[in-house]
Amino acid sequence: MSSKKGVKGIEVYTSQPWELVKTTFLVFTWIILGIHLELVGPTINILARQTQVAYAGISTILITRSAGYMTGNIVGAITQNIVKQYPEGLLSFAFLIAAIAVLATPAIYNLYILSIVFFFQGISQGVSDLGGTSLMLTMWGDNVAAPLNIVHLGYGFGAVFANLFVLPFLEKDESNILVPYSITAFLCLIIAIGHLIFSIREHRIRREALKNRPIDYVSVSTSAINEIKENKVKNVSPYSPRSCGNGYFAYGLLMSIFWIFYMFFLSGNDQTFGKFFFAFLKTSGFSISTSGALWAMVIYWLSYSVGRLVCAVITVFVPVHKALAGLWICGLILAITWFIYVWIIGLTSTNLLVLGAFTGFVFSPTFPLSFAFINQRLNVNPLLVGLLLCGAAFGAMTFQKIAGVVLDGNPKQFPLLLIACVILAIILFVIALVISSIHQRKLNSNKSSLPTSDNKNLSKKSEEEQQMETLFEHYSIIDHIKSNIKFVYPYFIK
């Protein structure tokens, strides 16, 4: 995990040129991801007419896509060793699936078949998020906040391009959406080829490194305390909450649960608002043309990208937890403002444009910043990444279905979904922040309470002594586990 000591600020990133090259290509990857996923927003009315269903019916394709997203993350979490070793290969595979799914979409007139296609598109999205996020966390470590925001701002730019690109085709016969969908499929294929090239190169580098490097049986840390901590985590199953909690089972389990529910509401807001904002603008209560609604979407996604760009700069100099806390304070103010305009002042085309822009600006950085913050407080392995993204997928499924029903019934209540998600996400964020802060304080107090002589003895121990102590500790843990198993299942142990 890349995190050079003694290097601060922008030098953390400029000192690693190869990582910068890969991050730049990931920005283009997320641009194409934004295009192929957000094409459904401005074309959702056409797809609804094409399959002869209302909003509640067409929301089925978005739900199945979220189900596919969850499936991709579950499979990736279970096979986390593959995710660690071949993230570029997974990204190539994901965009190949996306290319096929996008190409097939305009030619389908049956809702159930279209739902199946969207399910596979969701799998490609899940694998893309899992592979890309794991790759970023591995490359940048604790300094991932800024590059993760830079990569994810590509999604907003892709969504802007998707809305502008499809605009000329919406005013003509609906069969013309075949053109933008076909071009998007070709772009997905290019990204798949690019990541395949990266994957081949990484495989060659790894193979050469194994040939030329002598085997290092024990990784020596500069700090004896850190080495003991690493050994404790190393001897724990990656599927155990103890692994996520850096050796602390209760802390790892509790924090993982809170963050999964947090991602449920965060993604429920993010994925629902962006997908249905166009349909909300086109409801009968507002006199907004198709062109006007599309430009409102463009402004929303531009603000979305600008928000991530601003946060990428801020997090180079400001701690991640402070930046994220500031965002949620702004988010709460924005939610209250939505509530006032919906129920007191009233919504017009002008204030919808302004509120939509601020919504994209404020909430867009919360997703990458949340991952960066979680990575600082937990040991984020591919399993935890997969579970967090599953929570996000389930939130998207739930609130997208609710949004479809609301738009068919009373569109005025659509902004209430945003307000509910924001308030619940803030509550969970505060709880998780308090728990992690108490845990960090407790760890610091335990370190400071160690006698000075003990610290000196730790630093004076030779490498061989530390290896032997680790070995004895390992066997004592095994004996303890065996004795417990023997007590419960005596016939398993001979």
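Remember, it's a predicted structure, so these values are computed and weren't measured experimentally.

Considerations on the overall build of the protein chain
Turning to step 1, where the next piece is worked out: Along the protein chain, the regular secondary structure elements total 20 helices and 0 strands.
Turning to step 2, where the next piece is worked out: Scored against the burial criterion, the 494 residues of the protein chain give a buried share of 51%.
Turning to step 3, where the next piece is worked out: In the protein chain, 83% of the contacts between residues at least 6 apart in sequence involve partners at least 24 apart.

Some points on the packing of helix H3 (residues 40-51) against helix H12 (residues 249-281)
Turning to step 1, where the next piece is worked out: Relative to each other, H3 and H12 sit at 55°, their axes nearing to 8 Å. With respect to H12, the axis of H3 lies oblique. H3 and H12 meet at a crossing whose hand is right-handed. Between H3 and H12, the contacting residues are Val40, Gly41, Pro42, Ile44 and Asn45 on the first element and Lys275, Phe276 and Phe278 on the second.

Let's talk about the packing of aromatic side chains
Turning to step 1, where the next piece is worked out: Scanning the entire structure with this criterion turns up 26 aromatic pairs.
Turning to step 2, where the next piece is worked out: Seen from their ring centres, Phe161 and Phe165 are 5.3 Å apart, and the 15° between their planes marks the pair as stacked. Here the residue Phe161 and the residue Phe165 both occupy positions in helix H8 (residues 145-170), the gap between them amounting to 4 residues, near one helical turn.
Turning to step 3, where the next piece is worked out: For Phe161, a relative accessible area of 40% gives the class partly exposed.
Turning to step 4, where the next piece is worked out: Connected via pairs of aromatic rings, a cluster forms that spans Tyr155, Phe273, Phe277, Phe280, Tyr300, Trp301, Tyr304, Trp338 and Phe414.
Turning to step 5, where the next piece is worked out: Of note, Arg201 hangs over the ring of Trp18, and the distance from its end group to the ring centre comes to 4.1 Å.

A word on the nonpolar core
Turning to step 1, where the next piece is worked out: Counting residues in each nonpolar core, the largest one holds 137 residues, and the members touching the most others are Ile61, Trp259, Tyr262, Trp328, Trp338 and Phe414.
Turning to step 2, where the next piece is worked out: The dominant element in this core, judged by the number of residues it contributes, is H12, at 15 residues.
Turning to step 3, where the next piece is worked out: Apart from the residues lying within four places of it in its own chain, the contact partners of Trp338 are Phe273, Leu347, Leu352, Leu355, Gly356, Thr359, Pro415, Leu418 and Ile419.

Details of the packing of H12 against helix H15 (residues 349-363)
In helix packing, the relevant descriptors are the interaxial angle and the interaxial distance, both defined with respect to the helix axes.
Turning to step 1, where the next piece is worked out: Where H12 meets H15, the closest approach of the two axes is 12 Å, and the angle between their N-to-C directions is 165°. Classified by the interaxial angle, the pair formed by H12 and H15 is roughly antiparallel. Crossing hand, H12 versus H15: left-handed. Packed against H12, whose contacting residues are Asn269, Phe273, Phe277, Phe280 and Leu281, the element H15 presents Leu352, Gly356, Thr359 and Phe363 at the interface.
Turning to step 2, where the next piece is worked out: Here the residues of the contact of H12 with H15 are counted per class, giving 6 nonpolar, 3 polar and no charged.

Structural notes on helix H4 (residues 55-78)
Turning to step 1, where the next piece is worked out: In this model, H4 (24 residues) spans 35 Å end to end at C-alpha, consistent with the 34 Å of a helix rising 1.5 Å per residue.
Turning to step 2, where the next piece is worked out: The buried count for H4 comes to 17 of 24 residues, which makes it a mostly enclosed element.

Here's the deal with the environment of Phe429
Turning to step 1, where the next piece is worked out: Counting through the fold element by element, Phe429 comes out in helix H18 (residues 414-448).
Turning to step 2, where the next piece is worked out: Overall, Phe429 belongs to the buried group, its relative accessible area being 3%.
Turning to step 3, where the next piece is worked out: Sequence separation between Phe429 and Leu324 is 105 residues; the distance between their C-alpha atoms is 9.4 Å.

Some words on the side chain of Thr43
Turning to step 1, where the next piece is worked out: Summarising the element assignment, Thr43 is placed in helix H3.
Turning to step 2, where the next piece is worked out: Overall, Thr43 belongs to the buried group, its relative accessible area being 0%.
Turning to step 3, where the next piece is worked out: Side chain to side chain, Thr43 and Tyr181 meet in a polar contact 2.9 Å long.

Examining the pattern of salt bridges
Turning to step 1, where the next piece is worked out: Counted by the stated rule, this structure contains 2 salt bridges.
Turning to step 2, where the next piece is worked out: The shortest N-O distance in the salt bridge between Lys22 and Glu88 comes to 2.9 Å. Of the two residues, Lys22 sits in helix H2 (residues 17-38) while Glu88 sits in helix H6 (residues 87-104), which places them 66 residues apart along the sequence.
Turning to step 3, where the next piece is worked out: According to the relative accessible area criterion, Lys22 is buried, its value standing at 9%.
Turning to step 4, where the next piece is worked out: With relative accessibility at 4%, the residue Glu88 sits in the buried group.

Overview of a nonpolar patch on the surface
Turning to step 1, where the next piece is worked out: Taken together, the side chains of Leu332, Ile336, Phe339, Ile340, Trp343, Ile344, Ile345, Ile423, Leu424, Ile427 and Ile431 define a hydrophobic patch exposed on the protein surface, amounting to about 960 Å² of accessible area.
Turning to step 2, where the next piece is worked out: Among the secondary structure elements, those contributing two or more residues to the nonpolar patch are helix H14 (320-345) and H18.
Turning to step 3, where the next piece is worked out: Counting residues per element, the nonpolar patch draws most heavily on H14, at 7 residues.
Turning to step 4, where the next piece is worked out: Secondary-structure assignment places Ile345 in helix H14.
Turning to step 5, where the next piece is worked out: Residue Ile345 is classed as exposed on the basis of its relative accessible area, which comes to 55%.

What to know about the environment of Gly76
Turning to step 1, where the next piece is worked out: You can see Gly76 is positioned in helix H4.
Turning to step 2, where the next piece is worked out: Along the primary structure Gly76 and Leu130 are separated by 54 residues, whereas in three dimensions their C-alpha atoms are 7.2 Å apart.
Turning to step 3, where the next piece is worked out: What Gly76 contacts, discounting residues up to four positions off in sequence, is Val83 and Leu130.

Brief notes about the side chain of His36
Turning to step 1, where the next piece is worked out: Its location among the elements puts His36 in helix H2.
Turning to step 2, where the next piece is worked out: His36 sits in the buried class, given a relative accessible area of 3%.
Turning to step 3, where the next piece is worked out: Excluding anything up to four places from it in sequence, His36 contacts Arg65, Phe95, Ala98, Val102, Gln121, Ser124, Thr184 and Cys188.

Examining the confidence of the model for the protein chain
For residues with low pLDDT, the predicted coordinates do not support detailed interpretation.
Turning to step 1, where the next piece is worked out: Across the protein chain, the average pLDDT comes to 78, with 81% of residues at or above 70.
Turning to step 2, where the next piece is worked out: Across residues 480-494, confidence stays below pLDDT 50; counting only partners more than four residues off in sequence or on other chains, it has 3 contacts.

Quick notes on unusual backbone geometry
Turning to step 1, where the next piece is worked out: The backbone of Gln52 sits at a positive phi, close to 60°, despite the residue not being glycine.
Turning to step 2, where the next piece is worked out: With respect to the secondary-structure elements, Gln52 resides in the loop between H3 and H4.
Turning to step 3, where the next piece is worked out: Gln52 sits in the exposed class, given a relative accessible area of 74%.

Structural notes on the environment of Pro180
Turning to step 1, where the next piece is worked out: Following the sequence through the fold, Pro180 ends up in helix H9 (residues 178-212).
Turning to step 2, where the next piece is worked out: With a relative accessible area of 0%, Pro180 lands in the buried category.
Turning to step 3, where the next piece is worked out: For Pro180 and Leu167, which are 13 residues apart along the polypeptide, the C-alpha to C-alpha distance reads 9.8 Å.
Turning to step 4, where the next piece is worked out: Here Pro180 is in contact with Leu39, Phe165, Val166 and Phe169, once residues within four sequence places are set aside.

The rules we used
- Residues numbered from 1 in each chain as written.
- Predicted model: local features only at pLDDT ≥ 70, side-chain atom pairs only at ≥ 80, totals over all residues.
- Heavy atoms only, no water.
- Helix = DSSP H or I, 4+ residues; strand = E, 2+ residues; numbered from the N terminus.
- Buried < 20%, exposed > 50% of the residue type's maximum accessible area, 1.4 Å probe, protein only.
- Contact = heavy atoms within 4.5 Å.
- Axes fitted to C-alpha atoms, helices over the stretch in contact; angles between N-to-C directions.
- Parallel < 35°, antiparallel > 145°, perpendicular 65-115°, else oblique.
- Left-handed = near helix turned anticlockwise from the far one by under 90°.
- Phe/Tyr/Trp six-rings, centres within 6.5 Å; stacked < 30°, edge-to-face > 60°.
- Lys NZ or Arg CZ within 6 Å of the ring centre and 35° of its normal.
- Core = buried A, V, L, I, M, F, W, Y, C linked by side-chain atoms within 4.5 Å.
- Nonpolar A, V, L, I, M, F, W, Y, C, P; charged D, E, K, R; others polar.
- Expected span 1.5 Å × (residues − 1).
- Polar contact = N/O pair within 3.5 Å; in protein donor to acceptor, adjacent residues only side chain to side chain.
- Salt bridge = Lys/Arg side-chain N within 4 Å of Asp/Glu carboxyl O.
- Patch = residues over 30% accessible without salt bridge, like charges linked within 9 Å, V, L, I, M, F, W, Y side chains within 5 Å.
- Areas by Shrake-Rupley, 256 points an atom, 1.4 Å probe, with all protein chains shown as cover.
- pLDDT = per-residue confidence, 0-100.

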